[in-house]
Amino acid sequence: MRRHLLFSLMVTTTFVSAAKSTQAQTVSAPSDKSVRHGMVAHHPHPIPPSTTEPHASPPHKSQHSASRRPAEAEEVSVVGSGSTRQVQSISREQIEKSVPGTSPYKIMNQMPGVAFNSADPLGIDTWSQSIYMHGFSQDQLGFTLDGMPLGAQTYRAYNGMNVNNAISPENIRRMAVSQGAGSLDVASSSNLGGTVQFYSIDPADKFGGKVAQTFGSNSTYRTFVRIDSGKLNDSGTKFFTSYARTSDEKWKGHAGQFQQQVNAKLVQPIGESTKLTAFFDWSDMQEASYAVESLETIQKLGGRVDYYYPDYSTAYKAAQGIFSHGEDKTRSPKDVAYYDDPALSEDYFGGLTLETKLRQNMDWKTTIYGHGDWLDTHWTNPHVSSPNGAPLAEQVRRSGFQRYGITSSYTWRYKKNTFNTGVWYENNKYHMGQYYYEQPILGQGAPLDPFGALPAPFAQAWGNVFNTNTFQYYLQDTYKVLPHLTIHAGFRSMLVTARSGVTHNDTAYTHQAELPSGSLTAADAFLPQVSANWRFAPHNELYFDVSKNMRAYPQAGYSLGSPWSVTSMAAFQDARKKLKPEKDWVYEVGYRLTLPKVTGLVSLYHTDFSNRLQQITSGASIIQNQSTMQNVGGVHIWGVDGSLTIRPVKGLSIYNSVSYSRQRFDTNLTSAGVTYDLKGKDIPNYPNFMYKASLAYGYGPIEAHFDANYMGRRYLSYTNDVHVPAYWQTSMGIRAKFGSYSVFKNITADFNIYNVLNTSYISTVGVQGNPLSGDYQSMLIGAPRQFFGTISTNF
């Protein structure tokens, strides 16, 4: 905690110091144009495919000329007009269509090829989140915020944070989503496939702000307040600070979720060609998660199974083998439900960015950033007794990390070429341990409050620490061969070395004399990318992209799904001789049509995986399972995305998209002496078929939309002998704008309905990992119909 507070003080001091800089003319970033489900914001100079926020020039003396610069980076069509890759954009206006506080990933779900699932209606429960794009999971994609790496978006992330904890959705200016292959300069060691890049809004030039209050089902309350300072002096110093507070109750069971978050951003022009930007985030999250189920528990007990909390008596008796809710009808009665499963996290995240124009055709941009994270995840374990004789104990997996890094890039525009090169370095120290706390004997005291102070643990089962150094270099060139033909080529080099140590080992719990430890290195000096865009006729484009990618080895505590998760030191020493980092080749070719009334996209893609590492989960108890990382060989993915948006009359937009893919294992797998028939089987958790549609209409101050998503069946097991059924998901919303009164501007009322048809469905699959075959308690039920209303205003 001291390090977190020190980091917070350091960033705050930086803000104050930066605010004292003077002698510059400020420039405000233009607002995004309206882009709604395929509406095209045309610009004569489309976004270059080679940078994260392409060749962003620093402020100039002329505000008019400078304001045109960011427009090239922002005014992008939803289908990525001009890009040599399949890049799509979500604007600020699209984000505002959703209920405030909705996860940006849930908003992204409307795009073809994207499969997002969550057990809660807003998609903010990190335990239940699942993100897939073109067959790549959330730990195989790349994520950044203003160029700063967010790491893999997994539960208990070892090198980053979920975007919900990094920035309030109200402060996101736009999102750039690349479903196939990310650009070379993205700071990520996990993007085997696509990338998601978030960009924050800039402070406003004039003093003002925004206030929004949301109410909804299950006692949902969200308050958001943002204050913009406006220009404070002749140099153009300006900043904003915001506070968001969200609370709700679970739609089944008891308890709920709570988050409070502070964002701040300062922009300080320096001279005529330099700009300093500082960003800071603090997030405090308390989540009461939903209970996982299997097909067996759903069929025998229904979809309303959840934790016993706050009924300690029933949980206590269940741990003794006395069941009252039909648990004994299942194969693992004690694992049907536990007393509780909350998670508590706190994050401090921020960075400083210096952008300068060295010459008219030369730009330099450098960002330094830091991130401190603390996370506790709880289970009340009925398989471990407390020393006082209670048949259960509170099991806590405690983790945290401190990471610091720098990115720096240089851009040179020469004749028809735009050269870009840069580096990224990060050091991350990650630690994790498993602890046990005593629960009281029934009738002799209150059970532990996981959201309060805990006593000293009576045991620590194990502890791990990782120290990781990441280095990436890239070089690329975008060559304008002809006015309508662009070719992009480049490569990146990556070196990631992780060293693991054991800080604690209680053999009574691990049954191992020595736990796995040691170093692993993932390295490749040449990961190339070649792509092109040809506008062969007005409004018509063809593009292709070929890239090679590598993913660093994931990290996790003992038995939790990483190369260090094997059962013993001897097993790790044997495995490290055979382990190789995941690599793949990604190919995509596509066609775009961008007419004023019609926008279309067709994209075909293929991926060749080598050394695919999959998390294999086994064990009778989901709370004491063994999740290991195993090389399942090669995987081939073939797929096609198609989307079409029609705007027949003013204000009306009709959007449809279809996605189809096949993801096949190349070989069989032998595990623990048993050979499993994987060859030709599909990878689990990702559907073969998806269909998405949206109807949006606006007339005067009224806007309305209706959305429908169809997700095909998904396999739970690697051998495909168990699958979950397909489902439809619908939502709708209406917005009314009431204009301005006195100091209040843009007064707006929103009403949204989630799951309009009240569909019962399985949302997330593989929460606890996937078995090689058979059923497994690793699924979550989706939320029923929910209602939300919001009143907001600017001032």
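Scroll up a little and you will see the structure.
Reading the values: the criteria
Residues numbered from 1 in each chain as written. Predicted model: local features only at pLDDT ≥ 70, side-chain atom pairs only at ≥ 80, totals over all residues. Heavy atoms only, no water. Helix = DSSP H or I, 4+ residues; strand = E, 2+ residues; numbered from the N terminus. Buried < 20%, exposed > 50% of the residue type's maximum accessible area, 1.4 Å probe, protein only. Contact = heavy atoms within 4.5 Å. Areas by Shrake-Rupley, 256 points an atom, 1.4 Å probe, with all protein chains shown as cover. Phe/Tyr/Trp six-rings, centres within 6.5 Å; stacked < 30°, edge-to-face > 60°. Lys NZ or Arg CZ within 6 Å of the ring centre and 35° of its normal. Core = buried A, V, L, I, M, F, W, Y, C linked by side-chain atoms within 4.5 Å. Arc of directions from axis to C-beta. Pairing = 2+ DSSP bridges.

Time to look at the overall build of the protein chain. What the protein chain contains, in helices and strands, is nine helices and 38 strands. Residue burial in the protein chain is summarised as follows: out of 795 residues, 62% are buried. Put simply, of all contacts in the protein chain between residues at least 6 apart along the chain, 71% involve residues at least 24 apart. Of the roughly 28800 Å² of accessible surface on the protein chain, a fraction of 59% belongs to carbon and sulfur atoms.

A separate point is the packing of aromatic side chains. Taken as a whole and judged by the stated rule, the model has 32 aromatic pairs. With centroids separated by 5.1 Å and ring planes inclined at 35°, the aromatic side chains of Trp 412 and Tyr 414 adopt a geometry described as tilted. The ring of Phe 609 carries the charged tip of Arg 612 above its face, separated from the ring centre by 4.4 Å.

Among the nonpolar cores identified, the biggest contains 80 residues, and Tyr 105, Met 108, Leu 145, Leu 150 and Phe 198 are the most heavily contacted of them. For Met 108, the residues in contact, after removing those within four places along its chain, are Ile 90, Val 114, Ile 131, Met 133, Met 175, Val 177 and Val 196. Counting residues in each nonpolar core, the second largest holds 30 residues, with Ala 393, Ala 459, Met 550 and Ala 556 among its members.

Residues of helix 9 (residues 569–578) that are buried: Met 569, Phe 572 and Ala 575. Projected down its long axis, helix 9 shows its buried positions confined to an angular sector of 120°, all on one face. Exposed and oriented more than 90 degrees from the buried face of helix 9 are Ala 570, Lys 577 and Lys 578.

The next subject is unusual backbone geometry. A cis geometry characterises the amide bond from Tyr 309 onward to Pro 310, with omega recorded as 5°. Along the polypeptide, Pro 310 turns up in the loop between helix 6 (295–301) and helix 7 (312–319). Despite not being glycine, His 511 has its phi angle at roughly 60°, a positive value. Inspection of the secondary structure puts His 511 in the loop between helix 8 (507–510) and strand 20 (518–537).

Right, let's talk about the pairing of strand 27 (residues 652–665) for a bit. Successive residues of a regular strand alternate their side chains across the two faces of the sheet. Pairing of strand 26 (residues 635–646) with strand 27, which is carried by 12 bridges, proceeds in the antiparallel orientation. For Val 635, the partnering residue across the bridge sits in strand 27 and is Phe 665. With antiparallel pairing between neighbouring strands as the criterion, strand 26 and strand 27 make up a hairpin whose turn holds five residues, including Gly 651 at a positive phi of roughly 90°. Where strand 27 meets strand 30 (residues 689–699), nine bridges bridge the pair, whose relative direction is antiparallel. If you follow Ile 654 over to strand 30, its bridge partner there is Leu 695.

Let us now look at the sheet that holds strand 2 (residues 114–117). Across the sheet, three strands lie side by side as 2-3-4; this open sheet has antiparallel pairing. Strand pairing shows two members of the sheet lacking a second neighbour, strand 2 and strand 4 (136–137), which therefore form its edges. Note that strand 2 and strand 3 (residues 130–133) share four bridges and pair antiparallel. Residue Phe 116 lies in a different strand from strand 3, and its bridge partner there is Ile 131.

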